[in-house]
Amino acid sequence: MRENIQTIVILTGAGISAESGLKTFRAEDGLWENHPVEQVATPEGFAADPALVHRFYDERRAQIRNAQPNLAHEALGRLDREWEGDLLIVTQNIDDLHERGGARRVLHMHGEALSAWCTACDARHRWDEGLGDGPACPACGSAALRPDIVWFGEMPYRMERIFSALARADLFVSIGTSGAVYPAAGFVQEAGRAGARTLELNLKRSQGSHLFDETRLGTASELVPRWVDEVLRA
């Protein structure tokens, strides 16, 4: 195991935003905000009822705009500012609370709610308003905008960059994840094979807790600031 930490990769999941009032995605009961995931989080659901899917994500955007970063987001923002080594925060979350908490080295592997993707010209645009009324793409003028979200059956974004970072990591930290959704659930093994120390910060043990060198249990707003203090003092 590497003793000198220069490169840190952090994976965050829904648990880090739950304390900001954003509900976690519950894959085990097949529902997301009381909707079957097949209706609102698959290409097939969008093709069958685009109006429903647009309403769903319009509501998510409104929730995100009203939410505020919590102490965990702010602590990671501090780490981003003060850590002089390599850092990559890979988030499964579609909110912008990491960025509003001050972090800049952030990769949204599952897309962003406040972004629209034009399937006609492949352009992506910052998007704060609704998509349900069929607005024109600012780049090409077509009405082919959809939520810039990775749905079930689609490939997460920038996987090559993520795996490259994991291969170089000295420390891998998972925060607020269930350990049930792949490929993210396999990141701990990728990092471990590369010799990284692995740490889980979670409200309760995840499905992959046994794969980590260390697990600390508690709320993200308690654990993350304490851990960031340790790293920056070292």
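Criteria and thresholds
Residues numbered from 1 in each chain as written. Predicted model: local features only at pLDDT ≥ 70, side-chain atom pairs only at ≥ 80, totals over all residues. Heavy atoms only, no water. UniProt positions renumbered as here; feature names shortened; annotations may be inferred. Buried < 20%, exposed > 50% of the residue type's maximum accessible area, 1.4 Å probe, protein only. Helix = DSSP H or I, 4+ residues; strand = E, 2+ residues; numbered from the N terminus. Arc of directions from axis to C-beta. Contact = heavy atoms within 4.5 Å. Expected span 1.5 Å × (residues − 1). Axes fitted to C-alpha atoms, helices over the stretch in contact; angles between N-to-C directions. Parallel < 35°, antiparallel > 145°, perpendicular 65-115°, else oblique. Left-handed = near helix turned anticlockwise from the far one by under 90°. Nonpolar A, V, L, I, M, F, W, Y, C, P; charged D, E, K, R; others polar.

- Going by an unreviewed UniProt entry, the protein chain carries the name NAD-dependent protein deacylase and comes from Aurantiacibacter spongiae.
- UniProt lists a comment for the protein chain under the heading Sequence similarities (unreviewed entry), and it reads "Belongs to the sirtuin family. Class III subfamily."
- Recorded in UniProt under Subcellular location (unreviewed entry), the annotation for the protein chain is "Cytoplasm".

1. Details of helix 7 (residues 159–168)
One turn of the α-helix equals 3.6 residues, which is why residues spaced by three or four share an orientation.
1) Next: Considered for burial, the residues of helix 7 that qualify are Met159, Ile162, Ala165 and Leu166. Angular distribution of buried residues about the axis of helix 7 spans 125 degrees; they occupy a single face of the element.
2) Next: At its buried positions, helix 7 is contacted by strand 1 (7–12), strand 4 (86–91), strand 5 (106–108), strand 9 (171–175) and helix 8 (187–193).

2. What to know about helix 9 (residues 220–233)
1) Next: In this model helix 9 runs 20 Å from its N-terminal to its C-terminal C-alpha over 14 residues, within 8% of the 20 Å that 1.5 Å per residue would give.
2) Next: Those residues of helix 9 not exposed but buried are Ala220, Ser221, Leu223, Val224, Trp227, Val228 and Val231. One face of helix 9 carries all of its buried residues, which in axial projection span an arc of 165 degrees.
3) Next: If you follow the buried residues of helix 9, they end up packed against strand 1, helix 1 (14–18), helix 5 (71–82), strand 9, strand 10 (197–202) and strand 11 (214–217).

3. So, the packing of helix 5 against helix 9
1) Next: The N-to-C vectors of helix 5 and helix 9 enclose an angle of 15 degrees; their axes lie 7 Å apart at closest approach. The angle between the axes of helix 5 and helix 9 places the two elements in the roughly parallel class. Between helix 5 and helix 9 the crossing geometry is left-handed. Within the contact between the two elements, helix 5 uses Leu71, Ala72, Ala75, Leu76, Arg78, Leu79 and Glu82 and helix 9 uses Ala220, Ser221, Val224, Pro225, Trp227, Val228, Asp229, Val231 and Leu232.
2) Next: Class assignment for the residues of the contact of helix 5 with helix 9 results in 12 nonpolar, one polar and three charged.

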